[in-house]
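Spelled out, the chains give:
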Amino acid sequence: MTDVLTQLRSACAQIADQAQFVRVEPERTAAYIGTLPVEPPTLDPDPDAHLTVGTREELTAFWLTLDSINFGSGWFPTLRKRDGRSGYYTVATGVRDRFADHGLWTAAELAQIDAGEIAGVLGQDPDHELMALFARSLNDLGRRVATDHGGRFAAVVDAAESSAVALVDRLAGWDSFADTSCYDGVVVPFLKRAQITAADLARAGAGAFHDLDRLTMFADNLVPHVLRVDGLLSYDPALLDRIERGELIEHDLREEIEIRACALHSVELIAAERPGATEAEVDYVLWHRGQEPRYKASPRHRSRCTAY
């Protein structure tokens, strides 16, 4: 039986082959390897934004909580940023501070959290559209952990039996981690946040998985931008013009699916050319590269959705 990540790779390769608005430039892959760091990246969580000390239950709760709301990049320009930090780091630091000061939210508490409470934790306007979406995702997470796993966050990981793919497959069925698109009848289970949850839990030492190398790129809007700026992806001129004018690209339209799918396929090609590298490691390098000024100097695509 084909697992969900094999299905994802196959779908993205198919889309890359027939895409209308985005083109993968495979002939540039080999040369691009030379621009990446020689040594594997350090994958430890950032202590300035993440909980790094605690029991396994606390660390698992932190990452499941954070990754269940690790979306909203389409709204990030409208958030109040912490000390000039990005939207993601603003959200992550708010959650980290809450855990450090008051401990974890229990599953029952998450099931009841509202937009006002999460807005207070993150330092945002409670009427901001994103706060209600965050609360809805946290409500689902709390209900799932309470109902399916006896209120224990670590039990979610234990149920995967040391398989990252199994964890992704389990989270794929939760509204709080849903992220599947459809392109000309082809189902594309991107599952960006479900996948990054497995990677984050492993980095934090809260989960041990024998198949982390099966994870794909975590399809968002920053890594595709890095790949485009670096020449690994080419966009249709009209699409690029819309992005540079700051126009929102609607989630699940062909253009948006092609951006994510072609980026994922390109990262797969890069990892294949780099012995010993995994796609998740390449994603990590490119995501952090995207924090550099030359990538921030031009707009990336923005979609208002709960996928990324």
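Because the structure is a prediction, the values reported are computed rather than measured.

Draft legend 1. Structural view of helix α14 (residues 279–289). Among the 11 residues of α14, nine are classified as buried, and the element is accordingly described as predominantly covered. By the burial criterion, the buried members of α14 are E279, A280, V282, D283, Y284, V285, L286, W287 and R289.

Draft legend 2. Examining the side chain of R242 more closely. Structurally, the position occupied by R242 is in helix α12 (residues 237–244). In this structure R242 touches E247, L248, I249 and E255, once residues within four positions along its chain are discounted.

Draft legend 3. Spotlight on the layout of surface pockets. Approximately 610 Å³ is the volume attributed to the largest pocket. Forming the boundary of the largest pocket are 33 residues, of which N70, Y88, Y89, W287 and Q291 lie nearest the centre. Of all the elements in the fold, those that place two or more residues in the lining of the largest pocket are α4 (87–102), α10 (192–203) and α14. Across the lining of the largest pocket, the residue classes break down as 13 nonpolar, nine polar and 11 charged.

Draft legend 4. Spotlight on empty space enclosed by the protein. Enumeration over the complete set of coordinates arrives at one cavity of 30 Å³ or more. Approximately 30 Å³ is the volume found for the largest cavity. What lines the largest cavity is H225, R228, Y235, L240, I243, P299, R300 and H301. Elements that contribute at least two residues to the lining of the largest cavity include exactly α11 (222–229) and α12. Here the lining of the largest cavity is composed, by residue class, of four nonpolar, two polar and two charged.

Draft legend 5. How the structure looks around the environment of V53. Residue placement: V53 occurs in the loop between α2 (29–33) and α3 (56–68). Once the C-alpha coordinates of V53 and A204 are considered, the two residues, 151 residues apart in sequence, prove to be 9.0 Å apart.

Draft legend 6. Molecular detail of the packing of helix α9 (residues 164–172) against α10. Contact geometry for α9 and α10: axes closest at 8 Å, N-to-C directions at 135°. In terms of their interaxial angle, α9 and α10 are classed as oblique. For the pair α9 and α10, the crossing hand works out as right-handed. Contacts between α9 and α10 involve A164, L167, V168 and L171 from the first element and A194, Q195, T197, A198 and L201 from the second. When the residues that make up the contact of α9 with α10 are grouped by side-chain class, the tally is seven nonpolar, two polar and no charged.

Draft legend 7. Quick look at α9. Every buried residue belonging to α9 is among A164, V165, L167, V168 and L171, and all of these are buried. For α9, the angular spread of the buried residues around the axis is 160°, confining them to a single face. Where α9 is buried, its residues contact α1 (4–18), α8 (153–158) and α10. In this structure S163 caps α9, since a side-chain oxygen of it lies 3.4 Å from the backbone nitrogen of V165.

Draft legend 8. Summary view of the packing of helix α6 (residues 115–122) against helix α7 (residues 129–148). Remark: α6 packs on α7, axes separated minimally by 8 Å, with the N-to-C direction vectors making an angle of 110°. Overall, the two elements α6 and α7 adopt an arrangement that is roughly perpendicular. Across the interface between the two elements, A115, I118, A119 and L122 from α6 touch M131, A132, F134, A135 and L138 from α7.

Draft legend 9. Expanded view of the environment of R242. Take R242: its relative accessible area is 19%, and that puts it in the buried class. A C-alpha to C-alpha distance of 43 Å links R242 and E58, two positions 184 residues apart in sequence.

Draft legend 10. Region of interest: the packing of aromatic side chains. Under the definition given, this model contains eight aromatic pairs. Pairing F62 with W63 gives two aromatic rings, centres 5.0 Å apart and planes at 80°, and the pair type is edge-to-face. Residue classification places W63 among the buried residues on the basis of a relative accessible area of 1%. Through successive ring pairs, a cluster of aromatic residues spans F62, W63, F99 and W105. In this arrangement the basic side chain of R85 is found over the ring face of Y89, its NZ or CZ atom lying 4.3 Å from the centre. In this structure, R228 packs its charged tip against the face of Y235, placed 5.8 Å from the ring centre.

Procedures and definitions
- Residues numbered from 1 in each chain as written.
- Predicted model: local features only at pLDDT ≥ 70, side-chain atom pairs only at ≥ 80, totals over all residues.
- Heavy atoms only, no water.
- Buried < 20%, exposed > 50% of the residue type's maximum accessible area, 1.4 Å probe, protein only.
- Helix = DSSP H or I, 4+ residues; strand = E, 2+ residues; numbered from the N terminus.
- Contact = heavy atoms within 4.5 Å.
- 1 Å grid on protein atoms, 1.4 Å probe; cavity = no way out; pocket = protein on both sides within 12 Å on 5 of 7 lines; lining within 4 Å.
- Points joined across faces, edges and corners; volume = space filled by probe spheres on them.
- Nonpolar A, V, L, I, M, F, W, Y, C, P; charged D, E, K, R; others polar.
- Axes fitted to C-alpha atoms, helices over the stretch in contact; angles between N-to-C directions.
- Parallel < 35°, antiparallel > 145°, perpendicular 65-115°, else oblique.
- Left-handed = near helix turned anticlockwise from the far one by under 90°.
- Arc of directions from axis to C-beta.
- Polar contact = N/O pair within 3.5 Å; in protein donor to acceptor, adjacent residues only side chain to side chain.
- Phe/Tyr/Trp six-rings, centres within 6.5 Å; stacked < 30°, edge-to-face > 60°.
- Lys NZ or Arg CZ within 6 Å of the ring centre and 35° of its normal.

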